[in-house]
Amino acid sequence: MSVMTVQSLTLKIDGKDVSCQAGQTILEVAREHDIEIPTLCWLDGLTLWGGCRLCVVEVAGSPKLFAACGTACAEGMEVTTNSERLQKYRKTIVEMLFSERNHVCAVCVSNGHCELQSMAQKLGVNHVHLPYRYPKLTVDSSNDRFRLDHNRCILCTRCVRVCGEIEGAHTKDVKGRGINSQIINDLDQPWGESETCTGCAKCVHVCPTGALTERGTAVAEMNKKRQFLPYLTLMRENDK
Amino acid sequence: MTPEELQTLAARGQEKFAHYKHVLNVCMESGCVSSRSDTVADALDKEIAKRGAKEQICIKRVGCLCSCAQGPMVSQDDGKVLYKEVKAEDAGAILDAVGSKPVSRLQMPADHPFFTKQLRVVREHAGKFDPEDLEDSIRVGAYHGLMKVLTQMTPAEVIAEITTSGLRGRGGAGFPTGLKWSTVAKAGNPTKYIVCNGDEGDPGAFMDRSVMEGDPHRVLEGMAIAAYAVGAQKGVIYVRAEYPLAVKRLTRAINQATRQELLGANILGTKFGFTVEIRLGAGAFVCGEETALLASIEGRRGLPRPRPPFPANSGLYNCPTLINNVETFANIAPIINKGGAWFSKIGTAKSKGTKLFALTGKIVNTGLIEVPMGISLREIIFDMGGGIPDGRKFKAVQTGGPSGGCIPEKHLDIPVDYESLASVGSIMGSGGMIVMDDTSNMVDVARFFMDFCASESCGKCVPCRVGTYHMHEILRRINDGEGTSADLMLLRELCDTVKTTSLCGLGQTAPNPVLSTLRYFEQEYLDLISRAEATRAAAGDGHSKKAAGTTGLEVTL
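Residues numbered from 1 in each chain as written. Chains lettered and ligands numbered in written order. Predicted model: local features only at pLDDT ≥ 70, side-chain atom pairs only at ≥ 80, totals over all residues. Heavy atoms only, no water.

### Examining the overall build of chain B
Logical step 1: Each helix and strand in chain B was counted, giving 24 helices and 14 strands.
Logical step 2: The dimensions of chain B, computed from C-alpha atoms along their principal axes, are 85 × 65 × 45 Å.
Logical step 3: Residues counted as buried form 61% of the 557 residues belonging to chain B.
Logical step 4: Partitioning the contacts of chain B with sequence separation of at least 6, the portion at a separation of at least 24 is 72%. (Helix = DSSP H or I, 4+ residues; strand = E, 2+ residues; numbered from the N terminus. Buried < 20%, exposed > 50% of the residue type's maximum accessible area, 1.4 Å probe, protein only. Contact = heavy atoms within 4.5 Å.)

Set out below in structure tokens:
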């Protein structure tokens, strides 16, 4: 019987020599080595989405940018994660998100513990130079325990993925396309009338912004509790 | 069916038509059918029956006769005489003229460069046989390439032949076909798929539709040869539902071929088996992107996903999948029949063979043309296309649809090949060619294409979803006389971000129409902006976002 061997590779990330196993992504390896690459749609334990484009990095020898979340490491690769050019693109992308819907931090229930807000702070987005769209969007408060506020949604689809992949309910999905895309419950019914929603709250706790929240009054109640995800992922891997 | 039977069938087809003194071909593709070529064919049939000439003259319902804007087209004796804009009432006159002087009021010069400068490889038989008749298709050579491959060649030899030919993907990006095939052939999985991309979505493009409607068996043959070469068992043709006639003809062709064992478990009596099914696209442009197309076939939302893994390694149902465009598959049979070396003699050093173009817009001769790679844009537009109508001046030609760019007069002498078109800021694309005259407003052209991209963006990645929206808004503002110079700066910045950071080809190429018009027609943007600024200054309100019309006066209702 032959023993499966996993090939190991060495590469450079931001000038630092690092080693990894074949098949690991740039993002995984960077995080293992405490190199920060910003992400919004990516979440450990959920499938790859590749939609926020914040994790784009430069690879020496290619004029193109690569999304670190979905690009596997290769032997001898030289990765730059934080050049001036990358910072500029990332800032523009975050500004695009702010301009797309009504992200009014001051009156948002997630103010202070929102990933979009902290991302903007981290990247130094102190103003938005794109015109705001101010779309008229609804808030779904039909559910007794949760609230879906489309004004704060960045369409990262973490909720869609956790609902389908981890909870197995597939209550959440996306309707429409392009700028008109919107998160829906079942076949675009009020959340409170959903027959498939198990009320597990996983979607709420993976949501990076104030789009999905538990109904409550205290600030502390709005903190996202995400510990279940690595635990469930580990359980699932052990089951294999 | 055995190889011998195929040859017998071909001979029988020859015989079937040999005794006719004359053949009248009526175009039955979407363009001509929409101007009622079906009634013309019926009228000709009736008239022949009335005259008792059924054994002398044959009426055939055939594929495209090229001059689409002047349909219904009728061709006598394989293009010796061509008639345009034929009506059912003309049946008698056309039949009277058979064997004598053609009807001059309907006649088109068959020796016009529009026809003579074409080089037909993909469409070598189109317009000369009935695509709904398997016997007639086999008569002109259908499935002979497949027979040759199955009886005389190994899969490796087939791939070598395609590699020698230098054929590159006709979907737009121009990836070497031989290399793609060998990657799929080397992939380890025993289950593999062949996918034909017939989701032609560029505004103004109809090349693939014409191939599917005019010669469906050739597409199936190309797919079967590919399946043999890479070791696939199943094929899927993804056609947009807006092409009902193509779907009908392909379905019919699949049924005919399956009945005759040209598709199925034991093709031509060999152990090789291959089946094909059709999937309909529901009209999303992004489904022409290969990973979105695969998701759509699997029954999921048509969204692209990051590559790698490439479909060649992990495609349909996670199996190795070969995806080629309709026109690419239609190039396979002639390469096998005549050899890769023959094919590689056509075209330029890096772009081999011919290319189909849908010539549309402000041009005298609109229609479908097949030209050798390396021909200049000037030859296409001025010699073949007959130049610009109404004595107007040429301004630009748009190639590559919403992913392409506008090419001005000064670059008309570049050869048409993948690299040259890219060097002037456009792309080959799938083959749409829209000619514009000096009445065209280039800012509006850019706005039109951006409107298309924004409404076709799937919404998965942020730069494409939000960036195309903002770019369209800016272009609309500039075009409506509400633009500012800051808008122009922002537009350039957004072009760069969307192009560089988008997930798939749609977003990565969406800024191209803007970038190319900015490159060649920047003055038009500047003129519109300075006029808008002057208007605002005259209105005494430099900050008002709303331009107050040309009079500079706000009207209060």
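### Quick word on the packing of helix α8 (residues 155–165) of chain B against helix α9 (residues 177–186) of chain B
Residue and element names in this part refer to chain B.
Logical step 1: Relative orientation of the contacting elements α8 and α9 amounts to 155 degrees, with a least axis distance of 7 Å. Viewed along their axes, α8 and α9 adopt a mutual orientation that is roughly antiparallel. For the pair α8 and α9, contact is made by Val-158, Ile-159, Ile-162 and Thr-163 and by Thr-177, Gly-178, Trp-181, Ser-182 and Ala-185, respectively.
Logical step 2: Counted by class, the contact of α8 with α9 contains 5 nonpolar, 4 polar and no charged residues. (Axes fitted to C-alpha atoms, helices over the stretch in contact; angles between N-to-C directions. Parallel < 35°, antiparallel > 145°, perpendicular 65-115°, else oblique. Nonpolar A, V, L, I, M, F, W, Y, C, P; charged D, E, K, R; others polar.)

### Side note on the packing of aromatic side chains
Residue and element names in this part refer to chain B.
Logical step 1: In the structure shown here, the tally under the stated rule is 11 aromatic pairs over all chains.
Logical step 2: Ring plane angle 75 degrees and centroid distance 4.9 Å describe the contact between Phe-285 and Phe-452, whose orientation is recorded as edge-to-face. Pair noted here: Phe-285 is in the loop between β8 (275–281) and α13 (290–297) and Phe-452 is in helix α19 (residues 442–456), with a separation of 167 residues, a long-range link. Pair check on accessibility: Phe-285 and Phe-452 agree, each one buried.
Logical step 3: An aromatic cluster is present here, built from Tyr-228, Phe-272 and Phe-274 joined pairwise through their rings.
Logical step 4: Sitting over the ring of Tyr-243, Arg-209 keeps its end group 5.9 Å from the ring centre. (Phe/Tyr/Trp six-rings, centres within 6.5 Å; stacked < 30°, edge-to-face > 60°. Lys NZ or Arg CZ within 6 Å of the ring centre and 35° of its normal.)

### Quick look at the sheet that holds strand β9 (residues 321–325) of chain B
Residue and element names in this part refer to chain B.
Logical step 1: Sheet architecture is open: 4 strands sit in the order β8-β7-β6-β9, paired in parallel fashion. Both outer strands of the open sheet, β8 and β9, are each paired with one neighbouring strand and no more. Between one strand axis and the next, the sheet turns through 20 degrees on average, direction left out of account.
Logical step 2: As judged from the 7 bridges shared by strand β7 (residues 234–240) and β8, these two strands associate in the parallel manner. From the neighbouring strand, Val-239 faces β8, where its bridge partner is Leu-280.
Logical step 3: Each of β6 (193–198), β7, β8 and β9 is contacted by helix α11 (residues 216–230), which is oriented at about 150 degrees to β6, the strand it contacts most. (Pairing = 2+ DSSP bridges.)

### Quick word on the domain arrangement of chain A
Residues and elements named next belong to chain A.
Logical step 1: Split by domain assignment, chain A resolves into domain 1 (8–81) and domain 2 (87–239).
Logical step 2: A straight line from the C-alpha centre of domain 1 to that of domain 2 covers 25 Å.
Logical step 3: Contacts between the two partners involve 22 residues from domain 1, matched on the other side by 23 residues from domain 2.
Logical step 4: Of the roughly 1,700 Å² buried between domain 1 and domain 2 on both sides combined, carbon and sulfur atoms contribute 64%.
Logical step 5: Joining domain 1 to domain 2, the criterion identifies 1 salt bridge.
Logical step 6: Applying the counting rule to domain 1 against domain 2 returns 8 residue pairs in polar contact (both at pLDDT 80 or more).
Logical step 7: When its residues are assigned to classes, the side of domain 1 that touches domain 2 shows 15 nonpolar, 4 polar and 3 charged. (Domains from an automatic or database assignment. Buried area = accessible area lost by both parts, 1.4 Å probe. Salt bridge = Lys/Arg side-chain N within 4 Å of Asp/Glu carboxyl O. Polar contact = N/O pair within 3.5 Å; in protein donor to acceptor, adjacent residues only side chain to side chain.)

### Digging into the pairing of strand β7 (residues 146–149) of chain A
Residue and element names in this part refer to chain A.
Logical step 1: When strand β6 (residues 139–140) meets β7, the two strands line up antiparallel, connected through 2 bridges. Considered in β7, the bridge of Val-139 is made with Asp-149.
Logical step 2: Hairpin connection from β6 to β7: 5 residues lie between these consecutive antiparallel strands.
Logical step 3: Bridging between β7 and strand β10 (residues 212–214) involves 3 bridges; their strand directions are antiparallel. Within β10, the position partnered with Leu-148 by the bridge is Leu-212.

### Section: the sheet that holds strand β14 (residues 432–437) of chain B
Residue and element names in this part refer to chain B.
Logical step 1: Ordered by their spatial adjacency, 5 strands build an open sheet running β11-β10-β14-β12-β13, and the pairing between neighbours is mixed. Each having just a single partner strand, β11 (367–372) and β13 (405–408) make up the two edges of the open sheet. Strand after strand, the sheet turns through a mean of 30 degrees between neighbouring axes, direction not considered.
Logical step 2: Strand direction decides the pairing type here: strand β12 (residues 394–399) and β13, joined by 4 bridges, are antiparallel.

### A look at the pattern of salt bridges
All names here are of chain B.
Logical step 1: One pass over the full model with this rule turns up 48 salt bridges over all chains.
Logical step 2: Asp-133 is the partner of Lys-16 in a salt bridge, and the nearest nitrogen-oxygen pair spans 3.4 Å. Highlighted residues: Lys-16 in helix α1 (residues 3–18) and Asp-133 in the loop between α5 (113–116) and α6 (134–139), separated in sequence by 117 residues.
Logical step 3: The salt bridge partner of Arg-51 is Asp-96, with a shortest N-O separation of 2.8 Å.

### As for the layout of surface pockets
Logical step 1: The computed volume of the second largest pocket comes to approximately 870 Å³.
Logical step 2: Thr-47, Leu-48, Trp-49 and Glu-165 of chain A together with Arg-300 of chain B are, among the 27 residues lining the second largest pocket, the residues nearest its centre.
Logical step 3: Of all the elements in the fold, those that place two or more residues in the lining of the second largest pocket are α4 (158–167) and β8 (172–175) of chain A together with α13 of chain B.
Logical step 4: Broken down by element, the lining of the second largest pocket gets its largest block of residues, 4 residues, from α4 of chain A.
Logical step 5: In the lining of the second largest pocket, the residues fall into 11 nonpolar, 8 polar and 8 charged. (1 Å grid on protein atoms, 1.4 Å probe; cavity = no way out; pocket = protein on both sides within 12 Å on 5 of 7 lines; lining within 4 Å. Points joined across faces, edges and corners; volume = space filled by probe spheres on them.)

### Observations regarding the confidence of the model for chain B
Logical step 1: Mean pLDDT for chain B: 92, with 97% of residues reaching 70 or above.
Logical step 2: Predicted confidence is poor over residues 544–557 of chain B, with pLDDT under 50, and the contacts of this stretch with residues over four places away or in other chains come to 9 contacts. (pLDDT = per-residue confidence, 0-100.)

### Examining the interface of chain B and chain A
Logical step 1: With 31 residues of chain B at the contact, the number on the chain A side is 32 residues.
Logical step 2: Interface area, chain B with chain A, both sides summed: about 2,600 Å², of which 61% is carbon and sulfur.
Logical step 3: Across the pair Glu-100 of chain A and Arg-465 of chain B runs a salt bridge whose closest N-O atoms are separated by 2.7 Å.
Logical step 4: Summed over the shared surface of chain B and chain A, the result is 16 residue pairs in polar contact (both at pLDDT 80 or more).
Logical step 5: Mapped onto the side of chain B that touches chain A, the elements with two or more residues apiece are α19, α20 (462–479) and α21 (485–501) of chain B.
Logical step 6: Tallied by class, the residues present in the side of chain B that touches chain A amount to 14 nonpolar, 10 polar and 7 charged.

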